[in-house]
Amino acid sequence: MAVKFRVWLTACAFSTLALATGSGAFAAGSGASSKPAKQVQVKRGEANPRGLVLSLSCSSCHGTDGTSVGIIPSISGRSAEYLEAALKAFKSGTRYSTVMSRHAKGYTDEEIRLIADYFGNVSRNNK
Amino acid sequence: MTHKLSRRDFNKLLLSGVAGSAIGIFGTSNKAFAGSKRVVVIGGGFGGAAAAKYLRKLDPSISVTLVEPKAIFYTCPFSNWVLGGLKTMDDIAQTYTVLKNKYQINIIADSAVAVDASKGTVKLKSGKVLNYDRLIVSPGIDFKWDSIPGYSESVAGSKMPHAYQAGPQTILLHKQLLDMKNGGRVLICPPANPFRCPPGPYERASLIAGYLKAKKPNSKIVILDPKDKFSKQALFKKGWERLYPGMIEWRSVAAGGKVTAVDAAAMTVTTEFGVEKGDVINIIPPQKAGKIAFDAGLTDATGWCPINPVSFESTIHPGIHVIGDASIAGAMPKSGFAASSQGKVAAAAIVRLFQGKVPAAPSLVNTCYSLLAPGYGISVAGVYKLTAEGIVEIKEAGGVTPITADDDQLNEEAMFASGWYNNIVHDTWG
(Lines give C-alpha, C1' and ligand atoms only; values in the text may rest on other atoms or scores of the structure.)
Protein backbone atom coordinates (compact mmCIF):
# COMPACT_ATOMS: atom_id res chain seq x y z
CA MET A 1 0.00 0.00 0.00
CA ALA A 2 2.82 2.38 0.87
CA VAL A 3 4.46 1.82 -2.48
CA LYS A 4 1.21 2.31 -4.32
CA PHE A 5 0.59 5.50 -2.46
CA ARG A 6 4.01 6.85 -3.31
CA VAL A 7 3.58 6.04 -6.97
CA TRP A 8 0.21 7.74 -7.13
CA LEU A 9 1.51 10.72 -5.25
CA THR A 10 4.59 11.10 -7.36
CA ALA A 11 2.99 10.37 -10.66
CA CYS A 12 -0.07 12.49 -10.49
CA ALA A 13 -0.59 14.37 -7.29
CA PHE A 14 2.75 16.07 -6.82
CA SER A 15 2.07 19.07 -8.93
CA THR A 16 -1.57 19.27 -7.93
CA LEU A 17 -0.66 19.11 -4.28
CA ALA A 18 1.71 21.97 -4.84
CA LEU A 19 -1.26 23.80 -6.29
CA ALA A 20 -3.53 22.97 -3.41
CA THR A 21 -1.02 24.27 -0.93
CA GLY A 22 -1.05 27.56 -2.73
CA SER A 23 1.93 27.70 -5.09
CA GLY A 24 -0.66 28.14 -7.81
CA ALA A 25 1.09 26.63 -10.79
CA PHE A 26 1.16 23.18 -12.29
CA ALA A 27 4.63 24.05 -13.52
CA ALA A 28 5.76 23.67 -9.94
CA GLY A 29 5.44 19.97 -10.63
CA SER A 30 8.41 19.96 -12.96
CA GLY A 31 10.63 21.16 -10.16
CA ALA A 32 9.12 18.67 -7.77
CA SER A 33 9.41 15.81 -10.22
CA SER A 34 13.14 16.08 -10.83
CA LYS A 35 13.95 14.44 -7.51
CA PRO A 36 11.65 11.42 -7.36
CA ALA A 37 11.91 10.59 -11.07
CA LYS A 38 13.55 7.24 -10.42
CA GLN A 39 10.96 6.20 -7.89
CA VAL A 40 8.10 6.07 -10.38
CA GLN A 41 9.82 3.63 -12.71
CA VAL A 42 6.91 1.30 -13.36
CA LYS A 43 7.53 -2.38 -13.62
CA ARG A 44 7.20 -4.08 -16.94
CA GLY A 45 3.58 -4.81 -17.76
CA GLU A 46 2.26 -2.75 -14.92
CA ALA A 47 0.32 0.30 -16.03
CA ASN A 48 0.86 3.41 -13.96
CA PRO A 49 -2.64 4.94 -13.72
CA ARG A 50 -1.43 8.45 -14.44
CA GLY A 51 0.77 7.17 -17.27
CA LEU A 52 -2.26 5.35 -18.67
CA VAL A 53 -4.48 8.44 -18.62
CA LEU A 54 -1.76 10.56 -20.21
CA SER A 55 -1.11 7.95 -22.89
CA LEU A 56 -4.72 7.33 -23.87
CA SER A 57 -4.63 10.82 -25.38
CA CYS A 58 -2.00 9.77 -27.89
CA SER A 59 -4.08 6.98 -29.42
CA SER A 60 -6.62 9.37 -30.93
CA CYS A 61 -4.09 10.33 -33.60
CA HIS A 62 -1.53 7.52 -33.38
CA GLY A 63 -4.00 4.64 -33.15
CA THR A 64 -5.12 2.30 -30.38
CA ASP A 65 -2.04 1.19 -28.40
CA GLY A 66 -0.06 3.52 -30.65
CA THR A 67 -0.56 1.41 -33.77
CA SER A 68 -1.56 3.66 -36.65
CA VAL A 69 -3.77 2.55 -39.52
CA GLY A 70 -2.96 5.59 -41.64
CA ILE A 71 -0.29 8.08 -42.58
CA ILE A 72 0.39 9.27 -39.02
CA PRO A 73 3.43 7.41 -37.64
CA SER A 74 2.89 4.53 -35.20
CA ILE A 75 4.43 4.91 -31.77
CA SER A 76 4.08 1.26 -30.85
CA GLY A 77 7.20 -0.83 -31.29
CA ARG A 78 9.41 2.02 -30.12
CA SER A 79 11.47 1.91 -26.99
CA ALA A 80 10.71 4.16 -24.03
CA GLU A 81 14.12 5.79 -24.53
CA TYR A 82 13.37 6.62 -28.16
CA LEU A 83 9.92 8.03 -27.35
CA GLU A 84 11.20 10.12 -24.47
CA ALA A 85 13.93 11.64 -26.62
CA ALA A 86 11.50 12.27 -29.49
CA LEU A 87 8.90 13.96 -27.28
CA LYS A 88 11.54 16.12 -25.65
CA ALA A 89 12.87 17.13 -29.07
CA PHE A 90 9.36 18.09 -30.16
CA LYS A 91 8.89 19.99 -26.91
CA SER A 92 12.09 21.98 -27.34
CA GLY A 93 11.41 22.53 -31.03
CA THR A 94 14.66 20.94 -32.16
CA ARG A 95 12.70 18.35 -34.13
CA TYR A 96 10.41 19.60 -36.92
CA SER A 97 6.71 18.86 -36.71
CA THR A 98 3.38 20.27 -37.74
CA VAL A 99 1.43 19.65 -34.56
CA MET A 100 3.57 17.49 -32.25
CA SER A 101 5.49 20.43 -30.82
CA ARG A 102 2.18 22.05 -29.88
CA HIS A 103 1.23 18.87 -28.02
CA ALA A 104 4.59 18.04 -26.42
CA LYS A 105 4.81 21.48 -24.83
CA GLY A 106 1.78 20.53 -22.76
CA TYR A 107 3.65 17.92 -20.72
CA THR A 108 6.29 18.13 -18.01
CA ASP A 109 9.44 16.07 -18.50
CA GLU A 110 8.08 13.70 -15.86
CA GLU A 111 4.82 13.28 -17.76
CA ILE A 112 6.76 12.68 -20.97
CA ARG A 113 8.65 9.91 -19.17
CA LEU A 114 5.40 8.31 -18.04
CA ILE A 115 4.05 8.39 -21.60
CA ALA A 116 7.29 6.97 -22.99
CA ASP A 117 7.28 4.23 -20.35
CA TYR A 118 3.68 3.36 -21.12
CA PHE A 119 4.22 2.91 -24.86
CA GLY A 120 7.61 1.31 -24.26
CA ASN A 121 5.81 -1.27 -22.12
CA VAL A 122 3.05 -1.74 -24.70
CA SER A 123 5.74 -2.41 -27.27
CA ARG A 124 7.55 -4.94 -25.08
CA ASN A 125 4.35 -6.66 -24.05
CA ASN A 126 3.23 -7.04 -27.65
CA LYS A 127 6.44 -8.72 -28.72
CA MET B 1 -18.24 27.87 -19.31
CA THR B 2 -15.54 27.10 -16.79
CA HIS B 3 -16.78 24.83 -14.07
CA LYS B 4 -15.12 25.98 -10.90
CA LEU B 5 -14.41 23.63 -8.09
CA SER B 6 -14.35 25.38 -4.79
CA ARG B 7 -10.94 25.44 -3.17
CA ARG B 8 -12.39 23.24 -0.48
CA ASP B 9 -13.69 20.69 -2.96
CA PHE B 10 -10.41 20.66 -4.80
CA ASN B 11 -8.51 20.01 -1.60
CA LYS B 12 -11.01 17.34 -0.67
CA LEU B 13 -10.49 15.74 -4.04
CA LEU B 14 -6.76 15.55 -3.48
CA LEU B 15 -7.05 14.52 0.13
CA SER B 16 -9.45 11.77 -0.84
CA GLY B 17 -6.61 10.44 -2.97
CA VAL B 18 -4.13 10.70 -0.14
CA ALA B 19 -6.47 8.79 2.12
CA GLY B 20 -6.96 6.22 -0.60
CA SER B 21 -10.72 6.58 -0.44
CA ALA B 22 -13.07 7.73 -3.10
CA ILE B 23 -15.90 8.54 -0.76
CA GLY B 24 -16.99 12.13 -0.56
CA ILE B 25 -16.12 13.53 -3.95
CA PHE B 26 -16.97 10.59 -6.17
CA GLY B 27 -20.39 9.06 -6.10
CA THR B 28 -20.65 5.46 -5.12
CA SER B 29 -23.11 3.01 -6.50
CA ASN B 30 -24.94 0.45 -4.42
CA LYS B 31 -23.34 -2.57 -5.96
CA ALA B 32 -19.98 -1.25 -7.06
CA PHE B 33 -18.06 -2.87 -4.24
CA ALA B 34 -20.08 -6.06 -4.30
CA GLY B 35 -18.49 -7.16 -7.55
CA SER B 36 -21.23 -6.13 -9.95
CA LYS B 37 -19.69 -3.98 -12.65
CA ARG B 38 -22.34 -3.09 -15.19
CA VAL B 39 -21.97 0.07 -17.22
CA VAL B 40 -24.63 1.37 -19.58
CA VAL B 41 -23.54 3.90 -22.17
CA ILE B 42 -26.17 6.12 -23.81
CA GLY B 43 -25.05 7.36 -27.22
CA GLY B 44 -22.67 5.78 -29.72
CA GLY B 45 -20.87 8.85 -31.01
CA PHE B 46 -17.22 9.74 -30.45
CA GLY B 47 -17.62 9.99 -26.67
CA GLY B 48 -19.87 7.01 -25.97
CA ALA B 49 -18.20 4.59 -28.37
CA ALA B 50 -14.71 5.45 -27.08
CA ALA B 51 -15.83 5.09 -23.47
CA ALA B 52 -17.48 1.71 -24.16
CA LYS B 53 -14.46 0.34 -26.01
CA TYR B 54 -11.92 1.52 -23.45
CA LEU B 55 -13.94 0.23 -20.50
CA ARG B 56 -13.79 -3.25 -22.02
CA LYS B 57 -10.18 -2.85 -23.06
CA LEU B 58 -9.00 -1.64 -19.65
CA ASP B 59 -11.07 -4.07 -17.58
CA PRO B 60 -12.71 -7.04 -19.32
CA SER B 61 -14.56 -7.89 -16.10
CA ILE B 62 -16.83 -4.88 -16.67
CA SER B 63 -19.95 -5.63 -18.69
CA VAL B 64 -20.83 -2.81 -21.07
CA THR B 65 -24.11 -2.10 -22.84
CA LEU B 66 -24.22 0.60 -25.49
CA VAL B 67 -27.60 2.11 -26.35
CA GLU B 68 -27.65 3.74 -29.79
CA PRO B 69 -30.68 3.85 -32.10
CA LYS B 70 -28.72 4.24 -35.34
CA ALA B 71 -27.08 1.18 -36.91
CA ILE B 72 -24.78 3.47 -38.86
CA PHE B 73 -23.21 6.53 -37.30
CA TYR B 74 -22.17 9.24 -39.76
CA THR B 75 -19.40 11.40 -38.31
CA CYS B 76 -19.64 15.17 -38.32
CA PRO B 77 -15.88 15.33 -38.86
CA PHE B 78 -15.34 15.01 -42.62
CA SER B 79 -19.04 15.63 -43.39
CA ASN B 80 -17.90 18.97 -44.82
CA TRP B 81 -15.69 16.96 -47.18
CA VAL B 82 -18.91 15.29 -48.41
CA LEU B 83 -20.48 18.71 -49.00
CA GLY B 84 -17.43 19.66 -51.05
CA GLY B 85 -17.62 16.46 -53.10
CA LEU B 86 -14.33 15.11 -51.70
CA LYS B 87 -15.84 12.18 -49.76
CA THR B 88 -19.00 10.10 -49.91
CA MET B 89 -21.40 9.31 -47.09
CA ASP B 90 -19.98 5.77 -47.06
CA ASP B 91 -16.55 7.24 -46.27
CA ILE B 92 -17.89 8.77 -43.04
CA ALA B 93 -20.07 5.82 -41.98
CA GLN B 94 -19.15 4.00 -38.77
CA THR B 95 -20.75 0.85 -37.42
CA TYR B 96 -20.78 -1.04 -34.13
CA THR B 97 -19.69 -4.41 -35.50
CA VAL B 98 -16.18 -4.37 -34.06
CA LEU B 99 -17.35 -3.05 -30.70
CA LYS B 100 -19.85 -5.90 -30.57
CA ASN B 101 -17.68 -8.74 -31.84
CA LYS B 102 -14.16 -7.87 -30.74
CA TYR B 103 -14.88 -5.95 -27.55
CA GLN B 104 -18.03 -7.91 -26.65
CA ILE B 105 -20.09 -4.84 -25.97
CA ASN B 106 -23.82 -5.44 -25.82
CA ILE B 107 -25.18 -3.13 -28.52
CA ILE B 108 -28.85 -2.25 -28.17
CA ALA B 109 -30.45 -0.46 -31.13
CA ASP B 110 -32.88 1.65 -29.15
CA SER B 111 -33.24 5.09 -27.55
CA ALA B 112 -33.04 5.88 -23.86
CA VAL B 113 -36.17 7.76 -22.78
CA ALA B 114 -35.77 7.95 -19.00
CA VAL B 115 -33.16 7.52 -16.30
CA ASP B 116 -33.88 6.76 -12.66
CA ALA B 117 -30.72 7.80 -10.87
CA SER B 118 -31.88 6.52 -7.47
CA LYS B 119 -32.70 3.03 -8.74
CA GLY B 120 -29.88 2.93 -11.29
CA THR B 121 -32.08 2.15 -14.25
CA VAL B 122 -32.43 3.32 -17.83
CA LYS B 123 -35.75 2.94 -19.61
CA LEU B 124 -35.67 2.44 -23.37
CA LYS B 125 -38.24 3.45 -25.99
CA SER B 126 -39.16 -0.21 -26.46
CA GLY B 127 -40.13 -0.38 -22.79
CA LYS B 128 -37.09 -2.44 -21.84
CA VAL B 129 -35.37 -1.41 -18.60
CA LEU B 130 -31.59 -1.70 -18.09
CA ASN B 131 -29.89 -1.80 -14.70
CA TYR B 132 -26.55 -0.13 -14.28
CA ASP B 133 -23.90 0.31 -11.61
CA ARG B 134 -22.51 3.29 -13.48
CA LEU B 135 -24.08 5.16 -16.38
CA ILE B 136 -22.33 7.14 -19.09
CA VAL B 137 -24.43 9.70 -20.92
CA SER B 138 -22.99 10.90 -24.22
CA PRO B 139 -25.98 12.34 -26.08
CA GLY B 140 -24.26 15.05 -28.13
CA ILE B 141 -26.26 18.14 -28.97
CA ASP B 142 -29.86 19.07 -29.47
CA PHE B 143 -31.02 22.28 -31.16
CA LYS B 144 -32.87 25.21 -29.63
CA TRP B 145 -35.47 25.19 -32.38
CA ASP B 146 -37.42 28.13 -30.99
CA SER B 147 -34.43 30.48 -30.86
CA ILE B 148 -34.82 31.71 -34.46
CA PRO B 149 -38.36 32.77 -35.40
CA GLY B 150 -39.47 30.96 -38.55
CA TYR B 151 -37.03 28.09 -38.06
CA SER B 152 -38.11 24.63 -36.92
CA GLU B 153 -37.18 21.00 -37.19
CA SER B 154 -39.48 20.70 -40.19
CA VAL B 155 -37.90 23.70 -41.94
CA ALA B 156 -34.49 22.13 -41.27
CA GLY B 157 -35.71 18.88 -42.79
CA SER B 158 -37.06 20.47 -45.97
CA LYS B 159 -35.73 23.91 -46.91
CA MET B 160 -32.92 25.11 -44.65
CA PRO B 161 -30.82 22.21 -43.37
CA HIS B 162 -28.47 22.62 -40.43
CA ALA B 163 -26.31 19.66 -41.47
CA TYR B 164 -24.79 19.78 -37.98
CA GLN B 165 -25.69 16.20 -37.17
CA ALA B 166 -24.30 14.17 -40.05
CA GLY B 167 -26.67 11.91 -41.99
CA PRO B 168 -29.86 12.87 -43.88
CA GLN B 169 -29.14 16.52 -43.15
CA THR B 170 -25.74 16.28 -44.86
CA ILE B 171 -27.36 14.61 -47.87
CA LEU B 172 -30.03 17.31 -48.08
CA LEU B 173 -27.58 20.21 -48.00
CA HIS B 174 -25.32 18.45 -50.50
CA LYS B 175 -28.25 17.90 -52.87
CA GLN B 176 -29.25 21.56 -52.62
CA LEU B 177 -25.71 22.59 -53.55
CA LEU B 178 -25.70 20.19 -56.51
CA ASP B 179 -29.08 21.56 -57.69
CA MET B 180 -28.13 25.20 -57.29
CA LYS B 181 -27.58 27.29 -60.41
CA ASN B 182 -24.25 28.82 -61.36
CA GLY B 183 -24.35 32.31 -59.89
CA GLY B 184 -26.34 31.19 -56.86
CA ARG B 185 -25.92 32.54 -53.37
CA VAL B 186 -25.20 30.30 -50.38
CA LEU B 187 -25.89 31.62 -46.88
CA ILE B 188 -24.15 29.92 -43.95
CA CYS B 189 -25.44 31.07 -40.56
CA PRO B 190 -23.45 29.76 -37.55
CA PRO B 191 -24.62 30.25 -33.96
CA ALA B 192 -23.04 32.17 -31.09
CA ASN B 193 -20.67 30.35 -28.70
CA PRO B 194 -20.68 27.73 -27.31
CA PHE B 195 -21.47 25.29 -30.09
CA ARG B 196 -20.25 22.00 -31.52
CA CYS B 197 -17.08 22.12 -33.65
CA PRO B 198 -16.11 25.81 -33.57
CA PRO B 199 -14.17 25.72 -36.89
CA GLY B 200 -16.91 23.65 -38.60
CA PRO B 201 -18.90 26.41 -40.33
CA TYR B 202 -15.73 27.96 -41.76
CA GLU B 203 -14.31 24.69 -43.09
CA ARG B 204 -17.76 24.15 -44.58
CA ALA B 205 -17.62 27.52 -46.37
CA SER B 206 -14.14 26.61 -47.67
CA LEU B 207 -15.05 23.22 -49.10
CA ILE B 208 -18.35 24.42 -50.58
CA ALA B 209 -16.32 27.22 -52.21
CA GLY B 210 -13.98 24.60 -53.63
CA TYR B 211 -16.92 22.85 -55.28
CA LEU B 212 -18.47 26.10 -56.53
CA LYS B 213 -15.18 27.41 -57.92
CA ALA B 214 -14.83 24.26 -60.02
CA LYS B 215 -18.46 23.82 -61.09
CA LYS B 216 -20.38 27.06 -60.52
CA PRO B 217 -17.76 29.82 -60.46
CA ASN B 218 -20.15 32.77 -60.50
CA SER B 219 -21.63 31.75 -57.17
CA LYS B 220 -21.05 33.41 -53.81
CA ILE B 221 -21.03 32.37 -50.16
CA VAL B 222 -22.03 34.75 -47.38
CA ILE B 223 -21.41 33.76 -43.76
CA LEU B 224 -23.80 35.61 -41.46
CA ASP B 225 -22.20 35.36 -38.03
CA PRO B 226 -23.48 36.55 -34.64
CA LYS B 227 -19.85 36.58 -33.43
CA ASP B 228 -17.07 39.12 -33.85
CA LYS B 229 -14.39 36.48 -34.35
CA PHE B 230 -14.13 32.77 -35.06
CA SER B 231 -11.84 29.78 -34.73
CA LYS B 232 -8.62 29.89 -36.78
CA GLN B 233 -9.92 33.15 -38.28
CA ALA B 234 -6.63 34.55 -39.61
CA LEU B 235 -5.74 31.22 -41.23
CA PHE B 236 -9.15 30.82 -42.82
CA LYS B 237 -9.20 34.37 -44.16
CA LYS B 238 -5.72 34.06 -45.60
CA GLY B 239 -6.69 30.76 -47.23
CA TRP B 240 -9.89 32.18 -48.66
CA GLU B 241 -8.00 35.08 -50.26
CA ARG B 242 -5.49 32.70 -51.81
CA LEU B 243 -7.87 29.96 -52.89
CA TYR B 244 -11.24 31.61 -53.46
CA PRO B 245 -10.71 35.36 -53.98
CA GLY B 246 -13.98 37.29 -53.84
CA MET B 247 -16.08 34.20 -53.29
CA ILE B 248 -16.54 34.03 -49.50
CA GLU B 249 -17.81 37.03 -47.55
CA TRP B 250 -17.83 36.86 -43.74
CA ARG B 251 -20.11 39.31 -41.95
CA SER B 252 -19.48 39.73 -38.24
CA VAL B 253 -22.13 40.77 -35.75
CA ALA B 254 -20.96 44.39 -36.14
CA ALA B 255 -21.51 44.12 -39.91
CA GLY B 256 -25.06 42.83 -39.52
CA GLY B 257 -24.24 39.14 -39.26
CA LYS B 258 -26.77 38.23 -36.60
CA VAL B 259 -29.80 36.39 -38.00
CA THR B 260 -32.99 37.33 -36.15
CA ALA B 261 -35.59 35.42 -38.21
CA VAL B 262 -35.95 33.23 -41.29
CA ASP B 263 -38.66 32.83 -43.92
CA ALA B 264 -38.52 29.37 -45.46
CA ALA B 265 -41.16 30.09 -48.13
CA ALA B 266 -39.36 33.20 -49.37
CA MET B 267 -35.90 31.65 -48.80
CA THR B 268 -34.73 34.70 -46.90
CA VAL B 269 -33.17 35.44 -43.55
CA THR B 270 -33.60 38.66 -41.60
CA THR B 271 -30.57 40.26 -40.00
CA GLU B 272 -30.27 43.36 -37.86
CA PHE B 273 -29.32 45.20 -41.07
CA GLY B 274 -31.99 43.89 -43.44
CA VAL B 275 -33.23 40.91 -45.43
CA GLU B 276 -30.85 38.53 -47.25
CA LYS B 277 -31.92 36.13 -49.96
CA GLY B 278 -30.23 32.79 -50.49
CA ASP B 279 -30.50 29.99 -53.04
CA VAL B 280 -29.14 27.60 -50.44
CA ILE B 281 -29.50 28.53 -46.77
CA ASN B 282 -27.64 26.62 -44.07
CA ILE B 283 -28.91 27.59 -40.61
CA ILE B 284 -26.84 26.20 -37.75
CA PRO B 285 -29.07 26.88 -34.74
CA PRO B 286 -27.98 27.50 -31.14
CA GLN B 287 -27.49 24.27 -29.24
CA LYS B 288 -27.97 22.57 -25.89
CA ALA B 289 -27.24 19.15 -24.42
CA GLY B 290 -29.01 16.19 -26.04
CA LYS B 291 -32.56 15.51 -24.87
CA ILE B 292 -31.88 12.59 -22.53
CA ALA B 293 -29.55 14.82 -20.51
CA PHE B 294 -32.49 17.11 -19.78
CA ASP B 295 -34.90 14.22 -19.16
CA ALA B 296 -32.44 12.69 -16.70
CA GLY B 297 -32.05 15.99 -14.85
CA LEU B 298 -28.35 16.29 -15.64
CA THR B 299 -28.38 19.85 -17.04
CA ASP B 300 -28.04 23.19 -15.27
CA ALA B 301 -29.32 26.65 -16.22
CA THR B 302 -26.84 26.82 -19.13
CA GLY B 303 -28.49 23.90 -20.89
CA TRP B 304 -25.33 21.79 -20.50
CA CYS B 305 -24.21 19.28 -17.86
CA PRO B 306 -21.93 20.18 -14.95
CA ILE B 307 -19.39 17.46 -14.14
CA ASN B 308 -16.55 16.58 -11.80
CA PRO B 309 -13.57 17.08 -14.12
CA VAL B 310 -11.60 14.13 -12.73
CA SER B 311 -14.11 11.47 -13.72
CA PHE B 312 -16.74 13.39 -15.72
CA GLU B 313 -19.24 12.26 -13.11
CA SER B 314 -22.30 14.48 -12.90
CA THR B 315 -22.24 16.91 -9.99
CA ILE B 316 -26.03 16.55 -9.91
CA HIS B 317 -26.49 12.77 -10.00
CA PRO B 318 -23.71 10.56 -8.58
CA GLY B 319 -23.03 7.41 -10.56
CA ILE B 320 -23.81 9.08 -13.89
CA HIS B 321 -20.97 10.37 -16.06
CA VAL B 322 -21.60 12.90 -18.83
CA ILE B 323 -19.09 13.24 -21.64
CA GLY B 324 -18.77 14.96 -24.99
CA ASP B 325 -20.62 18.00 -26.30
CA ALA B 326 -23.26 17.77 -23.55
CA SER B 327 -20.75 18.23 -20.73
CA ILE B 328 -19.36 21.46 -19.34
CA ALA B 329 -15.69 20.65 -19.75
CA GLY B 330 -14.07 23.95 -18.89
CA ALA B 331 -11.81 25.24 -21.63
CA MET B 332 -12.30 22.24 -23.92
CA PRO B 333 -14.19 22.86 -27.16
CA LYS B 334 -17.14 20.71 -28.15
CA SER B 335 -15.57 18.39 -30.70
CA GLY B 336 -15.50 14.73 -31.62
CA PHE B 337 -11.87 14.59 -30.58
CA ALA B 338 -12.61 16.16 -27.19
CA ALA B 339 -15.52 13.75 -26.67
CA SER B 340 -13.31 10.76 -27.45
CA SER B 341 -10.62 12.05 -25.08
CA GLN B 342 -13.23 12.54 -22.35
CA GLY B 343 -14.68 9.09 -23.00
CA LYS B 344 -11.29 7.53 -22.36
CA VAL B 345 -10.72 9.59 -19.21
CA ALA B 346 -14.17 8.60 -17.91
CA ALA B 347 -13.52 4.94 -18.74
CA ALA B 348 -10.17 4.94 -16.92
CA ALA B 349 -11.79 6.69 -13.93
CA ILE B 350 -14.68 4.20 -13.78
CA VAL B 351 -12.25 1.27 -13.83
CA ARG B 352 -10.52 2.78 -10.79
CA LEU B 353 -13.76 3.60 -9.00
CA PHE B 354 -14.98 0.01 -9.40
CA GLN B 355 -11.73 -1.03 -7.74
CA GLY B 356 -12.45 1.35 -4.87
CA LYS B 357 -9.50 3.49 -5.93
CA VAL B 358 -9.25 7.15 -6.73
CA PRO B 359 -8.91 7.99 -10.43
CA ALA B 360 -5.64 9.42 -11.69
CA ALA B 361 -5.52 13.13 -12.44
CA PRO B 362 -7.01 13.58 -15.90
CA SER B 363 -5.14 14.63 -19.01
CA LEU B 364 -7.19 15.76 -21.97
CA VAL B 365 -6.40 16.80 -25.52
CA ASN B 366 -8.01 18.19 -28.59
CA THR B 367 -6.89 18.54 -32.18
CA CYS B 368 -9.16 19.87 -34.90
CA TYR B 369 -8.04 19.78 -38.49
CA SER B 370 -9.80 21.90 -41.08
CA LEU B 371 -9.41 21.44 -44.81
CA LEU B 372 -9.61 24.55 -47.00
CA ALA B 373 -8.93 22.64 -50.22
CA PRO B 374 -7.23 19.37 -51.15
CA GLY B 375 -3.61 19.81 -50.07
CA TYR B 376 -4.42 22.83 -47.91
CA GLY B 377 -5.00 21.98 -44.24
CA ILE B 378 -4.80 23.87 -40.95
CA SER B 379 -5.13 22.73 -37.37
CA VAL B 380 -5.74 23.84 -33.82
CA ALA B 381 -4.49 21.82 -30.87
CA GLY B 382 -4.94 22.05 -27.13
CA VAL B 383 -3.67 20.16 -24.09
CA TYR B 384 -5.77 20.45 -20.96
CA LYS B 385 -5.16 19.85 -17.27
CA LEU B 386 -7.11 20.07 -14.07
CA THR B 387 -6.57 22.97 -11.72
CA ALA B 388 -8.66 24.50 -8.95
CA GLU B 389 -10.26 26.54 -11.74
CA GLY B 390 -11.47 23.34 -13.44
CA ILE B 391 -10.21 22.11 -16.81
CA VAL B 392 -7.89 24.72 -18.27
CA GLU B 393 -5.77 24.86 -21.40
CA ILE B 394 -2.04 24.68 -20.82
CA LYS B 395 -0.82 28.04 -22.08
CA GLU B 396 2.62 26.92 -23.21
CA ALA B 397 1.09 24.25 -25.45
CA GLY B 398 -1.47 24.11 -28.21
CA GLY B 399 -2.33 26.80 -30.71
CA VAL B 400 -2.90 26.93 -34.42
CA THR B 401 -0.90 26.31 -37.58
CA PRO B 402 1.58 29.21 -37.97
CA ILE B 403 0.18 31.94 -40.22
CA THR B 404 3.54 31.82 -42.01
CA ALA B 405 3.20 28.10 -42.83
CA ASP B 406 4.42 27.40 -46.35
CA ASP B 407 2.67 25.24 -48.95
CA ASP B 408 4.59 22.13 -47.91
CA GLN B 409 3.42 22.50 -44.31
CA LEU B 410 -0.18 23.17 -45.36
CA ASN B 411 0.00 20.04 -47.51
CA GLU B 412 1.37 18.05 -44.58
CA GLU B 413 -1.46 19.28 -42.39
CA ALA B 414 -3.95 18.17 -45.06
CA MET B 415 -2.36 14.70 -45.17
CA PHE B 416 -2.41 14.46 -41.39
CA ALA B 417 -6.07 15.52 -41.40
CA SER B 418 -6.87 12.33 -43.33
CA GLY B 419 -4.50 10.31 -41.17
CA TRP B 420 -6.12 11.71 -38.06
CA TYR B 421 -9.59 10.75 -39.27
CA ASN B 422 -8.53 7.19 -40.06
CA ASN B 423 -6.97 6.71 -36.65
CA ILE B 424 -9.58 8.36 -34.46
CA VAL B 425 -12.48 6.48 -36.00
CA HIS B 426 -10.46 3.29 -35.64
CA ASP B 427 -9.61 4.17 -32.04
CA THR B 428 -13.30 4.82 -31.35
CA TRP B 429 -15.28 2.27 -33.38
CA GLY B 430 -12.57 -0.11 -34.66
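Heads up: these notes are all about the structure in this document. Throughout, residues of each chain are indexed from 1 in the direction in which the sequence is written. Numbering of ligands from 1 and lettering of chains from A proceed in the order in which they are written. Residues qualify for local features only when their pLDDT is at least 70, as the model is predicted, and side-chain atom pairs are given and counted only at 80 or more; totals for whole chains, interfaces and linings, by contrast, use all residues. With hydrogens and water stripped out, all remaining heavy atoms of the structure feed into the side-chain values.

### Considerations on the sheet that holds strand β6 (residues 112-116) of chain B
Residue and element names in this part refer to chain B. The following threshold applies: Pairing between strands is defined by DSSP: at least two bridges between them are needed. Starting at the N terminus, helices and strands are each numbered in turn, a helix being any DSSP run of H or I of at least four residues and a strand any DSSP run of E of at least two. Angles shown run from 0 to 180 degrees and are taken between the N-to-C directions of axes, each axis being a line fitted to C-alpha atoms and, for helices, limited to the stretch in contact.
The antiparallel open sheet is built from three strands, whose spatial order is β6-β7-β8. With partners counted over all chains shown, the strands left at the sheet margins are β6 and β8 (129-131), one partner each. Sheet twist, expressed as the average angle between the axes of neighbouring strands with direction ignored, equals 20°.

### Comments concerning the packing of aromatic side chains
What characterises a pair of aromatic rings is the spacing of the ring centres plus the angle enclosed by the ring planes. Residues and elements named next belong to chain B. Note the following rule: Under the pairing criterion, centres of Phe, Tyr and Trp rings, with the six-membered ring standing for Trp, must be within 6.5 Å; the plane angle then separates stacked pairs below 30 degrees from edge-to-face pairs above 60, leaving the rest tilted. Using a 1.4 Å probe on the protein chains alone, a residue whose accessible area is under 20% of its type maximum counts as buried, one over 50% counts as exposed, and one in between counts as partly exposed.
Counting across every chain of the model gives 18 aromatic pairs over all chains. Between Tyr-164 and Phe-195, the ring centres sit 6.5 Å apart and the planes meet at 40°, which makes this aromatic pair tilted. Pair noted here: Tyr-164 is in the loop between α5 (153-158) and α6 (168-179) and Phe-195 is in the loop between β11 (185-189) and α7 (200-215), with a separation of 31 residues, a long-range link. By relative accessible area, which is 4% here, Tyr-164 ends up buried. Pairing Tyr-202 with Phe-230 gives two aromatic rings, centres 3.9 Å apart and planes at 15°, and the pair type is stacked. Separated by 28 residues along the polypeptide, Tyr-202 in helix α7 and Phe-230 in the loop between β12 (220-224) and α8 (233-243) bring together distant segments of the chain.

### A look at the state of the cysteines
All names here are of chain B. Here is the rule we go by: By convention in this document, the label disulfide applies to cysteine sulfur atom pairs within 2.5 Å.
On inspection of all chains with the given rule, the structure shows zero disulfides over all chains. The thiol sulfur of Cys-197 is not disulfide-bonded, and the nearest other cysteine sulfur, from Cys-368, lies at 5.6 Å. We classify Cys-197 as partly exposed; its relative accessible area is 29%.

### Things to note about the sheet that holds strand β15 (residues 268-271) of chain B
Two pairing modes exist for strands in a sheet, parallel and antiparallel, and in both the strands are linked by backbone hydrogen bonds. Residue and element names in this part refer to chain B. Pairing within the open sheet is antiparallel, and its three strands lie in the order β14-β15-β16. Each of the sheet's edge strands pairs with one partner strand only, and the pair in question is β14 (259-263) and β16 (274-277). Each strand axis lies, on average, 25° off the axis of its neighbour in the sheet, ignoring direction. Bridge analysis of β14 against β15 gives four bridges, and the strand direction is antiparallel. Across the sheet, Val-259 pairs through a bridge with Thr-271, a residue of β15.

### Side note on the packing of α7 of chain B against α8 of chain B
Residue and element names in this part refer to chain B. This is how the line gets drawn: Our angle categories are set so that under 35 degrees counts as roughly parallel, over 145 as roughly antiparallel, 65 to 115 as roughly perpendicular, and the remainder as oblique. Here, two residues are considered to be in contact whenever any of their heavy atoms come within 4.5 Å of each other. Note that Gly is not counted as nonpolar here; it falls among the polar residues with everything else outside the nonpolar set of Ala, Val, Leu, Ile, Met, Phe, Trp, Tyr, Cys and Pro and the charged set of Asp, Glu, Lys and Arg.
Look at α7 against α8: their axes get within 11 Å of each other, and the N-to-C directions meet at 5°. Looking at the two axes, α7 sits roughly parallel to α8. Together, Tyr-202, Glu-203, Ala-205, Ser-206 and Lys-213 of α7 and Phe-236, Trp-240 and Leu-243 of α8 make up the contact between the two elements. The class makeup of the residues in the contact of α7 with α8 is five nonpolar, one polar and two charged.

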